[in-house]
Each structure stands twice: as C-alpha cells, then as structure tokens.
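Coordinates in review
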Amino acid sequence: MLVPAPRSPLSGAVGVVGVGFRPELAADLLAAPGAVDFVEVVAEACFASPAARREASAIARIWPVVPHGVKLSLGSASGIDMDRARRLGALCRELSAPVVSEHVAFVRGGGREIGHLTALPYTLEAARAVAKNVAAARRALPDIPLLLENAACTLRFPGDALGEGDFYAEVVARTGCDLLLDVGNVYANAVNAGVDPGELVGSYPLERVAMIHIAGGVVEHGFYFDTHAHPVPAPVFDLLAQVVARIGPLPILFERDGDFPPFAALAAEIATARAIVRSAPTRPTLTRPTLAATRPTLAATRPTLTRLTRPTLAATRPTLAGPTPAEPTLAPTRPGLPTSRVTLLQNSPDVSPSEASALAEVQARVAELLTSPVDPRPEAVAPFDAEDVARSRAILQRKRVDDALPLLPRLSSHREAAARLGARCVEASPRAPRLTAVADALRIAEAAADDARLAPEAIVDRLLLRARFVGPAGDGSVRPRLLPFIRRERLPGGRVVWAIKGIGSSAEVRLIEPRR
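Residues numbered from 1 in each chain as written. Predicted model: local features only at pLDDT ≥ 70, side-chain atom pairs only at ≥ 80, totals over all residues. Heavy atoms only, no water.

In terms of helices and strands, the chain carries 19 helices and 17 strands. Per-residue burial over the chain gives 52% buried out of 516 residues. Residue pairs at least 24 apart in sequence account for 71% of intrachain contacts in the chain once pairs closer than 6 positions are excluded. Of the roughly 21800 Å² of accessible surface on the chain, a fraction of 56% belongs to carbon and sulfur atoms. (Helix = DSSP H or I, 4+ residues; strand = E, 2+ residues; numbered from the N terminus. Buried < 20%, exposed > 50% of the residue type's maximum accessible area, 1.4 Å probe, protein only. Contact = heavy atoms within 4.5 Å. Areas by Shrake-Rupley, 256 points an atom, 1.4 Å probe, with all protein chains shown as cover.)

The next thing to look at is helix H2 (residues 23-31). Among the residues making up H2, those that are buried are Leu 25, Ala 26 and Leu 29. Viewed along the axis of H2, the buried residues span an arc of 125 degrees, placing them on a single side of the element. Away from its buried face by more than 90 degrees, H2 exposes Ala 27 and Ala 31. Looking at the packing, one finds that the buried side of H2 touches strand S1 (17-20) and helix H11 (263-278). (Arc of directions from axis to C-beta.)

This next bit is on unusual backbone geometry. The bulk of non-glycine residues show a negative phi, and the bulk of peptide bonds are trans. Each neighbour pair has its own omega, and for Ala 382 with Pro 383 the value is 15 degrees, a cis peptide bond. On the secondary structure map, Pro 383 appears in the loop between helix H15 (353-371) and helix H16 (386-404). Between Gly 471 and the following residue, Pro 472, the backbone shows a cis peptide bond with an omega angle of 5 degrees. Looking at the element boundaries, Pro 472 is found in the loop between strand S13 (469-470) and strand S14 (479-480). One non-glycine residue, Ser 73, adopts positive backbone phi at about 60 degrees.

What follows deals with the confidence of the model for the chain. Per-residue confidence for the chain gives a mean pLDDT of 84; residues scoring 70 or more make up 83%. Across residues 287-304 the pLDDT falls below 50, and counting only partners more than four positions away or on other chains, this stretch makes 34 contacts in the model. This stretch, residues 306-352, has a pLDDT under 50; its non-local contacts, to residues over four places away or in other chains, come to 95 contacts. (pLDDT = per-residue confidence, 0-100.)

Turning next to helix H18 (residues 436-449). Relative to the 20 Å expected for 14 residues at 1.5 Å per residue, H18 spans 20 Å between its end C-alpha atoms, a close match to the ideal helical length. Counting buried residues in H18 gives 10 out of 14 residues, a clear majority hidden from the surface. Listed in full, the buried residues belonging to H18 are Thr 436, Val 438, Ala 439, Asp 440, Ala 441, Leu 442, Ile 444, Ala 445, Ala 448 and Ala 449. Buried residues along H18 sit in contact with H16, helix H17 (415-428), helix H19 (455-468) and S13. (Expected span 1.5 Å × (residues − 1).)

This part covers the packing of aromatic side chains. Working definition: an aromatic ring pair is given by the centre-to-centre distance plus the angle between the planes. Applying the stated criterion to the full structure yields 9 aromatic pairs. When the centroid spacing of 5.2 Å and the interplanar angle of 40 degrees are considered together, the rings of Tyr 122 and Phe 167 count as tilted. Of the two residues, Tyr 122 sits in the loop between strand S6 (112-118) and helix H6 (124-138) while Phe 167 sits in helix H7 (residues 164-175), which places them 45 residues apart along the sequence. Like Phe 167, Tyr 122 is buried. Ring geometry for Phe 223 against Phe 225: centres 5.0 Å apart, planes inclined by 55 degrees, an arrangement best described as tilted. With respect to class, Phe 223 is no different from Phe 225; both count as buried. Through successive ring pairs, a cluster of aromatic residues spans Tyr 122, Phe 167, Tyr 168 and Tyr 204. Sitting above the plane of the Phe 223 ring, Arg 391 keeps its charged end 3.8 Å from the centroid. (Phe/Tyr/Trp six-rings, centres within 6.5 Å; stacked < 30°, edge-to-face > 60°. Lys NZ or Arg CZ within 6 Å of the ring centre and 35° of its normal.)

Any two side chains of opposite charge can pair if their charged atoms end up close together. Inspection of every chain in the model, using the stated rule, returns 26 salt bridges. Across the pair Arg 108 and Glu 113 runs a salt bridge whose closest N-O atoms are separated by 2.7 Å. A salt bridge links Arg 128 to Glu 125; its shortest N-O distance comes to 3.2 Å. Of this pair, Arg 128 and Glu 125 both sit in helix H6, 3 residues apart, which is roughly one turn of that helix. (Salt bridge = Lys/Arg side-chain N within 4 Å of Asp/Glu carboxyl O.)

Time to look at the sheet that holds strand S16 (residues 496-501). On the basis of which strands lie adjacent, the open sheet formed by 3 strands has the order S15-S16-S17 and antiparallel pairing. At either end of the open sheet lies a strand with only one pairing partner, and these are strand S15 (485-490) and strand S17 (509-512). This sheet shows a mean twist of 15 degrees between the axes of neighbouring strands, independent of strand direction. The pairing of S15 with S16 spans 6 bridges and is classified as antiparallel. (Pairing = 2+ DSSP bridges. Axes fitted to C-alpha atoms, helices over the stretch in contact; angles between N-to-C directions.)

Two numbers describe how helix H10 (residues 234-247) lies on H11: the axes approach to 10 Å, and their chain directions differ by 25 degrees. Classified by the angle their axes make, H10 and H11 are roughly parallel. Handedness of the H10/H11 crossing: right-handed. Contacts from Phe 237, Leu 240, Ala 241 and Val 244 in H10 reach Glu 269, Thr 272, Ala 273 and Ile 276 in H11. Of the residues in the contact of H10 with H11, the class split is 6 nonpolar, 1 polar and 1 charged. (Parallel < 35°, antiparallel > 145°, perpendicular 65-115°, else oblique. Left-handed = near helix turned anticlockwise from the far one by under 90°. Nonpolar A, V, L, I, M, F, W, Y, C, P; charged D, E, K, R; others polar.)

What follows concerns the pairing of S16. Where a strand is regular, its side chains alternate between the two sheet faces. Counting the residues that bridge the hairpin from S15 to S16 gives 5 residues, and of these Gly 493 lies at a positive phi of roughly 100 degrees. Looking at chain direction, S16 and S17 are connected through 4 bridges and run antiparallel. Note on S17: the bridge partner recorded for Lys 501 is Val 509.

And the structure:
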C-alpha cells in the first residue's frame, strides 16, 4: 500500500522567507542579512565555479543554505548520472544543508542534453521512473529531506493518462518525498491550458507540500512564461495566499535570476510574502485517500478541472485531465515512434521492462526535436504540437544565453550588448554535448573579443575560461583542465594580464596584472 510519508517540518530549520542567492543580490543581502531567513544556491553553479562554491560555503555561516539541483534529470527513463548525485551529496554535506531539492523533469534523453527542465508526461510509467531515480539518488545524498519540484510545461504530451495533480500525488507516494510546490509554475500551466489556477493547485497533494517557490513572469504572444526575471504578478500572490490559507505557513523562496530591480523592490515582494505567511492559519490536518484505495482510476478521486474560455490557448491543447474520447492518442505519424510504443505510457501499474522502454523512446524523440540544429518542419513534429515545439526551442536558445553569461562576469557588465551577441552565437552554433554553458561562453567571448567596445572584458573572461577548460573539441564540447596552466593576453591599449592555475580541475585560477 502506498501511504504518504509524514511531512518533514522545515520551518524551524530554514525560517519563513528565503531568496535564491545570486551575485547581483549579494551586496544587498550581506548588508541586510535579516531581510531573509534562508537562501538557496543552484547546485550546478557551485559545480561549475570554485568561486561560487566557496561563496556558498561562506554564506552558510550566515543563513541556512538549500542546494537546488537542476540537472540531475530525475525523470529520465534511462536513469540518472550517479556522479552528479554524488557531487550533489558532497555539496549538501559541505554546506550542512537542512534540505535539498530537485525537479520532477528530465534534461536529457537518448544521449542528448536538452539543457533545460522538460516536464514529463503525466503517466504511471513516468512516476515510476522518478521513483527509481530518487531511490538511486538517495544512496548518494545525506539523510536530509529531498523535496521534488513541479515543472512548468511548455511542451505537452498528448494522451496524458493522469491529471497534473494526480501525477504529483503518484510521485510523492512512490518516492516518499514531499513537494517543493512552485506556485508560479502551477499558475503558468493553468493559464496556458485554460484552467482555473485555484482549481489546478487544489488538485495537487497539498498535504505533502513542505516548501514553496514563487517567481515572476510575463505574457508573450499569448503564453505566460515563468521567467524569474519579472515582478511577481498579483494573481500569483493571490494563488500563494490560497495555498497557505489551505495548508498553513510554510517556507517560501523567491526566485529572481535576471533583470534585477533595485533591492527595495525585491524587499517589498519579500515583505508581501511574509505578510501572507503570517496571516495564514495554523497548518490544518489534511487527509487524503491512500492511492492503493483509489487505483486504477486515480483521477476519479479529484474534481474535474473547469476549463475557462481561452480560445487562443485552450483550443489548441488537451485538457489537463487527459484527452476527450474524440481526441486521438499519439498516432503513428513518424517512423520509430508508433502508437504501440507511445500508448504504453498509459500502462497499468505492472508494466514489463520492455514496455517501460517506451518512455525512454519518447524522451529521446523530444530531446531530438528540441536540440536539432535545424528547425524541424511542422509536419515532422507530430504527435506534438508544432507551436509548442517552436516555443520550447526558443526558450532553450534563450536559456543557453542565460546560462553562459554568468561565466563571463566582466563581459556581462555590458548586459544588453552581451545578450544580443550571445543570442547570435548560440543561434549559429549547435548545442555542445557536454558543459554546454562553458562552450557557449567561450564562443561568446571569442566573438566579443573582435568588438572594440567589448574586447577588454571579453579577453579577460576568455583567458580565465581557458585556464579552467580545454576545448572546444570537434563536436564543440569542452572538458575541465587537469594540468597546470599559465598564459598571458595583451589587452587593447597594451595592458598585459596573466592567468595561472595549478594541478587539478578545481585548482584556483589567479589573475595577475603586472604594474606598467
């Protein structure tokens, strides 16, 4: 019998309101440490940058630090990279983390790195894949709560067997993990599917929520994007208030990753969230039927979501509760992805290993569609929606730039020019199979070095990257530099800078600027 595990109380461990720690916020946060109760760091940023890791260790003396993973790919049918899991576990121990979090999503399929969190099909097989991967990851993680975050959907799988909330109920029951409920993602999924956000969040297993994420977004071309780069809109705050009114006060973390406002504006948003939490009633005791008692028709345990009138969005998408009988299920429109393979994603709980490979096949197809250097023709993307695929590809291009620019701190001081140049570089370059952000950063730095306005900063950033990485290889990939490195560069105007690194990929890189 799959019975939900007791919720891990985290409020006492991390406090009420936190924020994602970013270099752009560091000075203001350190000047007013009482503005937040805890901080979150992106684990992969600590893996990529020894300086970021040292910074995370330093701020752990001020606030509780929550490592947040984005690349473990807990939804991959092919399994997780155990080396990544071990590195995440080591970081948790180093930071004495009270909790760690990751996403219910996949970032690779068929040997391809997608580069961004891609939502799973809402099926039993996908929930089982998450449970298997979580069990593997736990062997490398310390004995602290692992929270699983719901993903935003930009590409929907036709023929989902479960509603969105029912899928996450399956995930928490099978893994024993509580949820990190991203209210912004729930809002985005609801608005883009033409569903009432309050009804959608009510379909989630709210009694298993242990922490909440909130972020801003924007509507572009009729689609709401949870950008982490805009103010939190009033409807998202309203949804947050609905959630805490139902489940009581919980830790809330603000995510802001770009277009940072004056800190006073962010502090005002934090104060709004803190007021919402303080006004919430004491956490009530929520009950939920055990999944064993409700199978095989788990969706019957929840009310049907009421669809809103949104002709431009709802008319092109399946309902969150699954397709109506008139809708076809993933027709065999492409060789290699026949109906017999895809419909297995709606299988029974006792699926065979050969049937389980259907999920891996579909994920490989999605990864191919999203990362192919050439835009696929609309007729070639079936059974997926061509608009969804095009939108997801555009998001991935933008994400590549967003991931690369933090590795170019000096060049990023020319934010708009660097972003424009970065967009041109990634559009013209296939995605590197490994260390994509580093490979893209090197391409951007190379291009910027030929621009007189950007050259001084770009040359120094490029030198520091070359000190730490070797490449690019023929396939565009780079790898960490294990051997020592010493090199100089002459900047416009004649100034000379040196970069020196010792043995090992994590050795410190020293930048030396001799006096003239």
